[in-house]
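Residue-level listing of the chains:
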Amino acid sequence: MTATVQPTASHFINGAYIEDSSGTEIPVIYAATGEQIATVHDATADIIEMALASAKAGQKIWAAMTGTERGRVLRRAADIMRDRNHELSVLETYDTGKPMSETLYVDATSGADALEYFGGLAGSLTGEHIPMGQDWVYTVREPLGLCVGIGAWNYPTQIACWKAAPALACGNSMVFKPSEVTPLCALKVAEIFIEAGLPAGVFNVIQGRGEVGGALVTDPRVDKVSLTGSAPTGKKVYAAAAAGMKHVTMELGGKSPLIIFDDADLENAVGGAILANFYSSGQVCSNGTRVFVQSGIKEAFLARLAERLDTAVIGDPMDGATTFGPMVSENQLDIALSYIAKGKDEGARVVYGGNALDREGWYIQPTVFADVNDGMVIAREEIFGPVMAVLDFDDEDDVIARANDTEFGLAAGVFTSDLSRAHRVIGAMEAGSCFINSYNDAPVEAPFGGVKASGVGRENSKEAIKHYSQVKSVYVRMGDVEAPF
Ligand code: NAD
């Protein structure tokens, strides 16, 4: 097993793998077994310097190409990713522990979607002509320069592509630092870019923990930082970037509400709540972990939810039949278990699961708490595990106020058959990514991102272009200059 996943070297810089084993070791652990399957090393100061220097030089070459040429490279990379979907999905499963029944359909494929979408846009990123009588102004949409991408561990291929695709489409270069928990997949993305014809140095991957990320964020050559991570890390990275007046995109955590009215289609509402809490073993930032259920549907909802959870296939992530895998790491398992203990202590009622599984690897049962109230820790803090909190409500205005009573604002969802109510409630939600009679869809065509402590900026869609480019405005005078003296 080790031979198949151990990368050629820890880092990928200027078009090639490079190792510097003087950096601290980062063990890569397979979540399903607890076994070490690879080793990489923290980037040293020399590696960080090489990556930034190569991205600085690469950006000039890349930005000098036309948008159509850049787009062609991105679209070729998308095709290669789709051709290699199986191999990339296996690697994603080793990196994260997520089951193949997920990775085959959402990881390399959504990465390829982003490369294809932004590849298609690259040739049409133009400015405008603004007539001013005889004179005129024209605007030029320019790249920002050197971008740093820093990833979380739940979607390592997708996060690398969601950042690289719009950045590169706009003519920027990137140094990407994956999470130290899942260092493998971004290296494959870098390899594929080179195969697709990307000039060396335009997309570089270096490994490391928070300190390596910190060194990248504070380097004066860096123009933009895009982080996917927790809110506390986001605050630190945002502050460090602000000190250098750098652009940022912050994709952070959440504690999103999912509101289910009495008139909702029960089967769809239960399905939505399952997607909102248990996909990727609950390790999804936009999850709707505060499930507000109107009293008339509550018992039917809980009963049907338990029936459907009984059909989850918990097991070997490499087995195509498995639908629920382990937590990404022992640390994340411990975090989820500690929140479950807090929920029990605070008097919430466990109606499903609640325990770790007695087997190798970092497995936990899908867990549902009922009778949760707004003040409980499990209703306030992001758990990032398969722990659903069900809260009761009767009144629409009341549930809107309670849903918004959180520091976070990443996502929100509503299930109801009353269309006016659906739009009214979603209109009142303080959240960036919302769902009506659905949950957690994230197509590349739609903007994705949060408000409040969940972040700034948007990934995906045409919105992302604004976050990876800047506008130069040029006033052109056709006549004489009139000066006062
Ligand atoms: P984390 O905040 O611990 O780490 C995120 C990344 O930041 C890692 O690569 C880490 O090495 C790096 N980092 C840590 N300290 C740093 C510093 N001082 N300077 C620069 N980089 C630093 O998050 P995590 O545990 O890897 O991921 C889980 C979190 O990510 C959850 O809160 C989840 O909601 C969030 N998330 C958000 C989105 C989104 O799009 N909004 C997507 C996935 C995950």
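Calculation criteria
Residues numbered from 1 in each chain as written. Predicted model: local features only at pLDDT ≥ 70, side-chain atom pairs only at ≥ 80, totals over all residues. Heavy atoms only, no water. Near = heavy atom within 4 Å. Polar contact = N/O pair within 3.5 Å; in protein donor to acceptor, adjacent residues only side chain to side chain. Areas by Shrake-Rupley, 256 points an atom, 1.4 Å probe, with all protein chains shown as cover. 1 Å grid on protein atoms, 1.4 Å probe; cavity = no way out; pocket = protein on both sides within 12 Å on 5 of 7 lines; lining within 4 Å. Sits in = over half its atoms within 2 Å of the grid points. Helix = DSSP H or I, 4+ residues; strand = E, 2+ residues; numbered from the N terminus. UniProt positions renumbered as here; feature names shortened; annotations may be inferred. Contact = heavy atoms within 4.5 Å. Points joined across faces, edges and corners; volume = space filled by probe spheres on them. Nonpolar A, V, L, I, M, F, W, Y, C, P; charged D, E, K, R; others polar. Salt bridge = Lys/Arg side-chain N within 4 Å of Asp/Glu carboxyl O. Buried < 20%, exposed > 50% of the residue type's maximum accessible area, 1.4 Å probe, protein only.

Caption draft 1: Representation of the site of the ligand within the structure. In the neighbourhood of the ligand, 27 residues make up the surrounding shell, with Gly-151, Glu-180, Ser-230, Thr-233 and Glu-382 lying closest. Contact distances for the ligand include 2.7 Å between an oxygen atom and a side-chain N or O atom of Glu-180. Look at the ligand: alone it shows 850 Å² of surface, and the protein chains cover 86% of it. Judged by the proximity of its atoms to the pocket grid, the ligand belongs to the largest pocket. Of all elements in the fold, only α9 (210–218), β10 (224–228) and α10 (231–243) reach the threshold of two or more residues within the shell around the ligand.

Caption draft 2: Structural context of the UniProt feature "active site" (unreviewed entry) in the protein chain. Following the UniProt record, one finds the feature "active site" (unreviewed entry) at Glu-251. When neighbours within four sequence positions are excluded, Glu-251 is seen to be in contact with Leu-227, Thr-228, Gly-229, Leu-410, Phe-448, Gly-449, Gly-450, Ser-454, Gly-457, Arg-458 and Glu-459.

Caption draft 3: Structural view of the layout of surface pockets. Here the largest pocket is characterised by a volume of approximately 1200 Å³. Of all the secondary structure elements, the ones that give two or more residues to the lining of the largest pocket are β3 (25–30), α9, β10, α10 and α13 (330–345). Looking at the lining of the largest pocket element by element, the count peaks at 6 residues for α10. In this model, the second largest pocket occupies a volume close to 560 Å³. For the second largest pocket, the lining is made up of 26 residues, of which Tyr-155, Gln-158, Trp-162, Asn-440 and Ala-442 are closest to its centre. The residue inventory of the lining of the second largest pocket, partitioned by class, reads 14 nonpolar, 8 polar and 4 charged.

Caption draft 4: How the structure looks around the pattern of salt bridges. Per the stated rule, a full pass over the model turns up 26 salt bridges. Its salt-bridge partner being Lys-163, residue Glu-459 comes within 3.0 Å of it at the nearest N-O pair. Here Glu-459 is found in the loop between β19 (455–456) and α17 (463–467), whereas its partner Lys-163 is found in helix α7 (residues 156–169), with 296 residues between them in sequence. Residues Arg-308 and Glu-267 are paired through a salt bridge, measuring 3.0 Å at the closest nitrogen-oxygen approach. On the criterion of sequence distance, the pair formed by Arg-308 in helix α12 (residues 298–309) and Glu-267 in helix α11 (residues 266–278) is long-range, its members being 41 residues apart. We classify Arg-308 as partly exposed; its relative accessible area is 27%. Overlapping salt bridges bring together Glu-267, Arg-304, Glu-307 and Arg-308 as one network.

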